[in-house]
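# Inside the fold
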Amino acid sequence: MASVEVSRSLHRSRWDQEGQAPRQDKFSVLLPTYNERENLPLIVWLLVKSFTESGINYEIIVIDDGSPDGTREVAEQLEKIYGSDKILLRPREKKLGLGTAYIHGMKHATGNYIIIMDADLSHHPKFIPEFIRKQKEGNFDIVSGTRYRGNGGVYGWDLKRKIISRGANFITQILLRPGASDLTGSFRLYRKEVLQKLIEKCVSKGYVFQMEMIVRARQLNYTIGEVPISFVDRVYGESKLGGNEIVSFLKGLLTLFATT
Amino acid sequence: MTKLAQWLWGLALLGSTWAALTMGPTLGLELPLTCREVLWPLPAYLLVTVGCFALGTVGYRVATFHDCEDAALELQNQIQEARADLTRRGLRF
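Residues numbered from 1 in each chain as written. Chains lettered and ligands numbered in written order. Predicted model: local features only at pLDDT ≥ 70, side-chain atom pairs only at ≥ 80, totals over all residues. Heavy atoms only, no water.

In this section: the overall build of chain A. Secondary structure summary: chain A contains nine helices and nine strands in total. Residues classed as buried in chain A amount to 54% of the 260 residues present. For chain A, the share of sequence-separated contacts (at least 6 apart) that also reach a separation of at least 24 residues comes to 79%. Carbon and sulfur atoms provide 52% of the accessible area of chain A, an area that totals close to 12100 Å². (Helix = DSSP H or I, 4+ residues; strand = E, 2+ residues; numbered from the N terminus. Buried < 20%, exposed > 50% of the residue type's maximum accessible area, 1.4 Å probe, protein only. Contact = heavy atoms within 4.5 Å. Areas by Shrake-Rupley, 256 points an atom, 1.4 Å probe, with all protein chains shown as cover.)

Quick look at the structure:
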């Protein structure tokens, strides 16, 4: 009799933790990297800080695509510092693309939620507890960070970049009516089985891949919540947003328009 | 139905209504000439209006695009903190 009461009160105390993820949830962060030797330690440090400050159970899976700049060595040092239960190294031989990086990462993920984000510090881990809170609030299948709503925003973009971004988003909203304000963003929280299902169905690459995920999610009637995020672009000067990228974006958009 | 199909349906519906009203025999219109004069260039007017609306919306959104200065500053500070802490823990950058 006594043991039944003890176990019942233990069960109750687990669910009494209001506002915090119940102990049985685990969040796996997938970090595909290519030449991020400088940024990887910093992003890992910020992730560890956010998760430990919020008491969240986590793991970080680093998927390096054979970076020539020594990213893998830095990742190994981080694994020693934080433990191989928290930092999982699952590298690949060469640059193989984002979709396959997610598939590869998920094979090794032991969490029931997956967080995808950029490793170049444009996405700040401080938003992850907010994603989690939002997910619990609406029991969402996906929570997407948005730069275009609430007090979301960007830093380091000139006028031209802003115009292209808003213009592209406007056309996308008109054509696809996706029910999410930021489709090309890649800072998202997914239920693991939802991400697995979506990756199976997606065929595009690059920006369009992220858009297709949301469009497919709507088709499959998954629910999507949004959290405003700040996007700090430190590499814009080096990254190319030239004619090629714009053309391939439009091609991808029109393909989605015609096929979904 | 794909989004493209929805658009084509919508345009076909509106287009055929417009064509029927402007070119077919008028049925029950009290002021056929005035109505026709308005109806005839309506698609062009709508296109221009939609174009202006689109430009206005995008322009407004660009103008109100939030610049996260504090986020950038906070990140800078945290980078310093991170480098110091990691060096203490034995990371060789």
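Quick look at the interface of chain B and chain A now. Counting from both sides, the interface comprises 33 residues of chain B and, opposite them, 41 residues of chain A. For the pair chain B and chain A, the summed buried area comes to about 3400 Å², and 66% of that belongs to carbon and sulfur atoms. Three residues, B:Lys3, B:Phe65 and B:Leu75, lead the burial of chain B against chain A; their summed loss comes to 20% of the area buried on that side. Linking chain B with chain A are two salt bridges, by the criterion used here. In this structure, the salt-bridge partner of B:Asp67 is A:Lys162, at a minimum N-O distance of 3.1 Å. Our count for the contact surface shared by chain B and chain A stands at twelve residue pairs in polar contact (both at pLDDT 80 or more). Sorting elements by how many residues they give to the side of chain B that touches chain A places helix α4 (residues 69-88) of chain B first, with 13 residues. Counted by class, the side of chain B that touches chain A contains 16 nonpolar, seven polar and ten charged residues. (Buried area = accessible area lost by both parts, 1.4 Å probe. Salt bridge = Lys/Arg side-chain N within 4 Å of Asp/Glu carboxyl O. Polar contact = N/O pair within 3.5 Å; in protein donor to acceptor, adjacent residues only side chain to side chain. Nonpolar A, V, L, I, M, F, W, Y, C, P; charged D, E, K, R; others polar.)

According to UniProt, the "transmembrane region" (unreviewed entry) feature falls on residues 43-63 of chain B. Here residues 43-63 of chain B is 100% helix and 0% strand, with 30 Å between the C-alpha atoms at its ends. (UniProt positions renumbered as here; feature names shortened; annotations may be inferred.)

Here we take up the sheet that holds strand β7 (residues 188-191) of chain A. All names here are of chain A. If you trace the seven strands from one edge of the open sheet to the other, you get β3-β2-β1-β4-β7-β5-β8, paired in mixed fashion. Two strands lie at the open edges of the sheet, namely β3 (87-89) and β8 (224-228), each paired on one side alone. For this sheet, the mean angle separating the axes of adjacent strands, direction not counted, is 25 degrees. Two strands pair when backbone bridges link them, and strand β5 (residues 142-146) and β7 are joined in this way by three bridges, in the antiparallel orientation. (Pairing = 2+ DSSP bridges. Axes fitted to C-alpha atoms, helices over the stretch in contact; angles between N-to-C directions.)

What follows concerns unusual backbone geometry. Residues and elements named next belong to chain A. Residues other than glycine seldom take positive phi values, yet Asn-35 does so here, at roughly 55 degrees. As for its position among the elements, Asn-35 is in the loop between β1 (27-33) and α2 (40-54). You can call Asn-35 partly exposed: its relative accessible area is 34%. With a phi angle near 60 degrees, Asn-221 is a residue other than glycine that sits in the positive phi range. Within the element layout of this structure, Asn-221 appears in the loop between α8 (206-219) and β8.

Residues and elements named next belong to chain A. Structurally, the position occupied by Glu-59 is in strand β2 (residues 58-64). Assessed through its relative accessible area of 2%, Glu-59 is described here as buried. Ignoring sequence-local partners within four residues, the contact set of Glu-59 consists of Lys-26, Phe-27, Ser-28, Val-29, Asp-85, Lys-86, Leu-88, His-108, Ala-109, Thr-110 and Gly-111.

The next point concerns the UniProt feature "signal peptide" (unreviewed entry) in chain B. According to UniProt, the feature "signal peptide" (unreviewed entry) maps to residues 1-19 of chain B in the numbering used here. Spanning residues 1-19 of chain B, this segment combines 89% helix with 0% strand, and its end C-alpha atoms are found 25 Å apart.

Time to look at the pairing of β1(A). Residue and element names in this part refer to chain A. In terms of burial, β1 is a largely internal element, seven of the seven residues being buried. Neither face of β1 is open: one carries Phe-27, Val-29, Leu-31 and Thr-33, the other Ser-28, Leu-30 and Pro-32, and all of them are buried. Strand direction decides the pairing type here: β1 and β2, joined by seven bridges, are parallel. By the bridge assignment for β2, Val-29 is matched with Ile-60. For the handedness criterion, the β-α-β arrangement of β1, α2 and β2 is classed as right-handed. In this sheet, strand β4 (residues 113-116) lies alongside β1 in parallel orientation, the contact comprising four bridges. Opposite Phe-27, over in β4, you have Tyr-113 as the bridge partner. (Right-handed = clockwise from strand over helix to strand, strands pointing away.)

Time to look at the packing of helix α6 (residues 159-176) of chain A against helix α9 (residues 243-259) of chain A. All names here are of chain A. The interhelical angle for the contact between α6 and α9, taken along N-to-C directions, is 15 degrees, at an axis separation of 10 Å. Taken as axis vectors, α6 and α9 run roughly parallel relative to one another. Note that α6 runs across α9; the crossing there is right-handed. Facing α6, whose interface residues are Ile-164, Ala-168, Ile-171, Thr-172, Leu-175 and Leu-176, α9 presents Ile-246, Phe-249, Leu-253, Leu-254, Leu-256 and Phe-257. Split into classes, the residues belonging to the contact of α6 with α9 amount to eleven nonpolar, one polar and no charged. (Parallel < 35°, antiparallel > 145°, perpendicular 65-115°, else oblique. Left-handed = near helix turned anticlockwise from the far one by under 90°.)

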